[in-house]
Amino acid sequence: AVAAVHHYLIKQGLRTQCSIIANTGQCWSTHHFACLIGYGASAVCPYLALAHIRKWHASAKGNVKADGQTAEKCQENFRIAIIDGLKKIMSKV
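Just so it is clear, the structure is predicted and the values come from calculations on it, not from any experiment. Numbers given for residues are sequential positions, taken from 1 along each chain in its written order. In keeping with the model being predicted, local features are shown solely for residues with a pLDDT of at least 70 and side-chain atom pairs are shown and tallied solely at 80 or more, while totals for entire chains, interfaces and linings include all residues. To get the side-chain values, all heavy atoms of the structure are used, and hydrogens and water are removed first.

1. Quick notes on the overall build of the protein chain
Counting its regular elements, the protein chain contains five helices and two strands. Runs of E in the DSSP output that reach at least two residues are strands. Runs of H or I that reach at least four are helices, and both are numbered from the N terminus. Going from N to C terminus, the protein chain has its helices and strands arranged as α-β-α-β-α-α-α. We compute the radius of gyration over the C-alpha atoms and compare it with the globule rule, which gives 2.2 Å times the number of residues raised to the power 0.38. Relative to the globule expectation of 12 Å for 93 residues, the C-alpha radius of gyration of the protein chain, 16 Å, shows a markedly less compact shape. Put simply, of all contacts in the protein chain between residues at least 6 apart along the chain, 36% involve residues at least 24 apart. Working definition of accessibility: Shrake-Rupley area with a 1.4 Å probe, residue cover restricted to the visible protein chains. By element, 60% of the accessible surface of the protein chain is carried by carbon and sulfur atoms, the whole surface being about 6600 Å². Counted charges follow a simple rule, with Lys and Arg positive, Asp and Glu negative, and His plus the chain ends left uncounted. Working definition for charges: the position is that of NZ of Lys, CZ of Arg, CG of Asp or CD of Glu. With 11 positive and 4 negative side-chain charges, the protein chain shows a separation of 12 Å between the mean positions of the two kinds. Whether two residues touch is decided by their heavy atoms; if any such pair falls within 4.5 Å, the residues are in contact.

2. Things to note about the environment of Val5
As for its position among the elements, Val5 is in helix H1 (residues 2-12). The class of Val5 is partly exposed, set by a relative accessible area of 40%. It is 9.4 Å that separates the C-alpha atoms of Val5 and Ala41, two residues lying 36 residues apart in sequence. Burial classes follow relative accessibility: with a 1.4 Å probe on protein chains only, a residue under 20% of its type's maximum area counts as buried, one over 50% as exposed, and anything between as partly exposed.

3. Quick notes on the pattern of salt bridges
Criterion for a salt bridge: a side-chain nitrogen of Lys or Arg within 4 Å of a carboxyl oxygen of Asp or Glu. Applying the stated criterion across every chain, the model contains one salt bridge. Where Glu76 meets Arg79, a salt bridge forms, and the shortest distance between an N and an O atom there is 2.6 Å. In this pair, Glu76 and Arg79 both sit in helix H5 (residues 71-91), three residues apart, roughly one turn of the helix. Classification of Glu76 as partly exposed rests on a relative accessible area of 28%.

4. Here's the deal with the side chain of Gln75
Within the element layout of this structure, Gln75 appears in helix H5. A relative accessible area of 15% means that Gln75 is categorised as buried. Those residues in contact with Gln75 that sit more than four places away from it in its chain are Leu50, Ile53 and Arg54.

So, in structure tokens, the structure goes:
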């Protein structure tokens, strides 16, 4: 869907005047983020991955593995890992 919107906006001459923000529940790995950005997304909101981190942190197993970190810190670690992965992918382009 991102690519279709991207190409439609290009044909209408509006692509430079707007951003495409992908609000998705199917994006949890660096590859998924890279594909969406490659198809034209300006930003990606992985709401389901962030919700899963909060749920995992609230569980007994997740709380032990979090090693005293808050749920927000775990989400921040996820965000940093995705950004670092995207930088690595983009450095190869």
